[in-house]
Amino acid sequence: MTQAPVPQPGIFAQGTRSHHHLELAVRAGATDADVLDALRRLREPHVTAGGVNLVVGMGPALWRRLAPSAAPPELRDFEVIDGLDATSAPATQRDLWVWVHGTGEDVAFDTARLAAVALAGVATVELELPAFVYKDSRDLTGFVDGTANPPMQEAAEVALVPAGRPGEGGAFVLAQRWVHDLGAFHALPVAEQERVIGRTKPDSVEMDDAVKPADAHIARVEIELDGEEAEIFRRSTPYGTLAEHGLYFLAFSAELRRFDVMLRNMFGRGDGPRDRLTDFSRPVSGSYFFAPSLRDLNELLD
Ligand code: HEM
């Protein structure tokens, strides 16, 4: 089997508890040459050295403009989903996304600041979100997030465009900021919270199919495409203040359509009921990005 080019390693790097996300809009007058210069500054050693991971993703229009032959045909903007019962997933498509994650807030802050400085001439920051690993990789609801993620040896196959296709070694990215209503969620008895997720709270054991509700979160996002289970690789992290908090949902996939199907299912526009989790959390941003392979990035910037 031909090997796809090396992906951006930060997609898979583990053990970092401090995260920092930037979503940016490219200024109307910025030329391709301006954007490429800014991206070159972004990868200078002082920005990427020091035990910090930096992953960059491009919005569909920007990537197609910069590297048309390395853009998968199905890459497109995030589109709003009008869910059942007045729920919705808004679209706030941005042009660039920078994900910094490291061992502490100090290095994550410094690296995010240098990234913003590198890009300042061509793009404006529209979302800045420091985020963190909560306890043993739990969401702020208290449930472990990531249990059913593919193991590391399978993650690349789940997350990356296969060899031989445009964009090989790159990943489709879904990024959404979700705002939780923890008061409402924690008002439920733990047994009822477990019925919302479909797993037990202390140790993340999956509920038996006979008792798992059809509107449990994991029942809505376990999907099949072309007769096979279709998985994604999730790297979400909690964020926030006491006033507003939630989950920066972040996932990587070899195919864009997996995100579409999961999201439609969650909002009651798929093949079953609306995900009960959407009673307790709502997305307030939504973008698709493409995180190119290192080869495609280097070809563009060298
Ligand atoms: C408020 C937002 C969300 C929260 C708090 C949340 C939380 C969780 C939790 C606690 C689990 C069970 C443990 C695990 O396997 O990781 C889970 C599983 C999962 N979630 Fe989410 N999630 C959210 C949004 C989403 C979205 C937007 C998607 C897809 C577009 C998604 C896709 C998945 C998938 C694929 C699984 C694994 C299902 C399985 O195969 O068992 N989640 N999520």
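Quick summary incoming for the structure in this document. (Residues numbered from 1 in each chain as written. Predicted model: local features only at pLDDT ≥ 70, side-chain atom pairs only at ≥ 80, totals over all residues. Heavy atoms only, no water.)

Moving on, we come to the overall build of the chain. A count of helical and extended segments in the chain gives 10 helices and 14 strands. Here the C-alpha atoms of the chain give a radius of gyration of 19 Å, agreeing with the 19 Å that 2.2 N^0.38 yields for 302 residues. Overall, the chain is about 55 × 45 × 35 Å in size when its C-alpha atoms are taken along their principal axes. Residue pairs in contact within the chain that sit at least 24 positions apart in sequence constitute 78% of those at least 6 positions apart. Per element, the accessible surface of the chain, about 13,400 Å² overall, is 52% carbon and sulfur. Between the averaged position of the 29 positive side-chain charges in the chain and that of its 45 negative side-chain charges there is a distance of 3 Å. (Helix = DSSP H or I, 4+ residues; strand = E, 2+ residues; numbered from the N terminus. Rg over C-alpha atoms; globule rule 2.2 N^0.38 Å. Contact = heavy atoms within 4.5 Å. Areas by Shrake-Rupley, 256 points an atom, 1.4 Å probe, with all protein chains shown as cover. Lys, Arg positive; Asp, Glu negative; His and termini not counted. Charge placed at Lys NZ, Arg CZ, Asp CG, Glu CD.)

The next subject is unusual backbone geometry. Phi at Asp 85 is positive, roughly 55 degrees, even though this residue is not glycine. Mapped onto the elements of the fold, Asp 85 is located in the loop between strand 3 (81-82) and strand 4 (88-89). For Asp 85, a relative accessible area of 56% translates into the label exposed. The backbone phi angle of Ala 86 is positive, close to 65 degrees, even though this residue is not glycine. With respect to the helices and strands, Ala 86 occurs in the loop between strand 3 and strand 4. A relative accessible area of 81% means that Ala 86 is categorised as exposed. (Buried < 20%, exposed > 50% of the residue type's maximum accessible area, 1.4 Å probe, protein only.)

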